Amino acid sequence: AKGMLRPEMAAGIDFSGSVLGEALPAYSVQVDDLSTYTAGSAVSLLRDYDEVDYLVRLRESPVSMANLHKVESGWKVTSFSTTSLARDVDDGFRRFPKPATGEIRILIRVEGLGVVLLGDVDKKGSVQVTVVRSNNTIEPPTSEKLSLDTAFSKMQKAAQRELQH
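Calculation notes
Residues numbered from 1 in each chain as written. Predicted model: local features only at pLDDT ≥ 70, side-chain atom pairs only at ≥ 80, totals over all residues. Heavy atoms only, no water. Helix = DSSP H or I, 4+ residues; strand = E, 2+ residues; numbered from the N terminus. Buried < 20%, exposed > 50% of the residue type's maximum accessible area, 1.4 Å probe, protein only. Polar contact = N/O pair within 3.5 Å; in protein donor to acceptor, adjacent residues only side chain to side chain. Expected span 1.5 Å × (residues − 1). Core = buried A, V, L, I, M, F, W, Y, C linked by side-chain atoms within 4.5 Å. Contact = heavy atoms within 4.5 Å.

J.: I keep staring at the environment of alanine 158 and nothing clicks. Help me out?
T.: Among the secondary structure elements, alanine 158 is positioned in helix α3 (residues 148-164). Accessibility expressed as a relative area gives 12% for alanine 158, which makes it buried. Put simply, alanine 158 and leucine 34 are 124 residues apart on the chain and 9.2 Å apart in space, counted from C-alpha to C-alpha.

J.: It is not clear to me how the side chain of arginine 95 should be interpreted in this structure. Could you clarify?
T.: Topologically, arginine 95 is positioned in helix α2 (residues 83-95). At 3.2 Å, the side chain of arginine 95 and the side chain of threonine 130 are in polar contact.

J.: Looking at this structure, how should I read α2?
T.: Because an α-helix packs 3.6 residues into every turn, residues spaced three or four apart end up facing the same way. An ideal rise of 1.5 Å per residue puts 18 Å on 13 residues; α2 measures up with 18 Å between its terminal C-alpha atoms. Those residues of α2 that sit buried are Leu85, Ala86, Val89, Asp90, Gly92, Phe93 and Arg95.

J.: What is the right way to look at the nonpolar core in this model?
T.: One broad rule of soluble globular proteins: the nonpolar side chains tend to lie buried together. Counting residues in hydrophobic clusters, the biggest one holds 25 residues, and the most contacted among them are Leu34, Leu113, Leu117, Leu148, Phe152 and Met155. Counting only elements with at least two residues in this core, the list comes to α1 (31-35), β6 (104-110), β7 (115-121), β8 (127-133) and α3. No other element matches α3, which puts six residues into this core. What leucine 117 contacts, discounting residues up to four positions off in sequence, is Ile106, Leu107, Ile108, Val129, Thr130, Val131, Val132, Leu148, Ala151, Phe152 and Met155. Counting twelve residues, the second largest nonpolar core, distinct from the first, contains Leu24, Met65, Ala86 and Phe93.

If you want it as C-alpha cells, here you go:
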C-alpha cells in the first residue's frame, strides 16, 4: 500500500525508545468495489485481512505505523509506514477525540485512491470517519466526522475515474 515499507526496508531505522500507540484494526476498500457503491452498503465494502496498525512514537513524535498481520502462530510485522502517514494519523487522533466507551477505533485504507480514514464503530455497528489522508480525492482533513456512507459517496466518482485509466 502507498506509504508503507516492507520490514527489511525499515531495518536501518532506530526504533529503540519508541512507544506503540493503541491497536487500530485495519480495513481496506478496493477501488472497484467503491466504484459500484450503493447508498447504505458502506460497511459491506470493508475488507478485513486480519491486520492491525499501531502508531509508533519516538520521544512523543509520530515516526511510523507498524502493520501487523495475523498468522497461525500469532502476529507478524508486515510493513512500516512513512513518517508522513504516521503524522497524518496522529493529526487525526488530535482532531478526532477518543471514541466513547464501547466504541472501536479503526483505520480504513481506500486502495488505489490514496485515501486513509480514521473511524469509530459504535455498539450498533455504525461507522463515523474523519479523513486523515485525502490525496485530493475527498475534502482535505477537517475535524468534521462523516458517516462512512457519506465518505464513500464523496469518493465514488474518483473511484470510477481511476478505473477508466
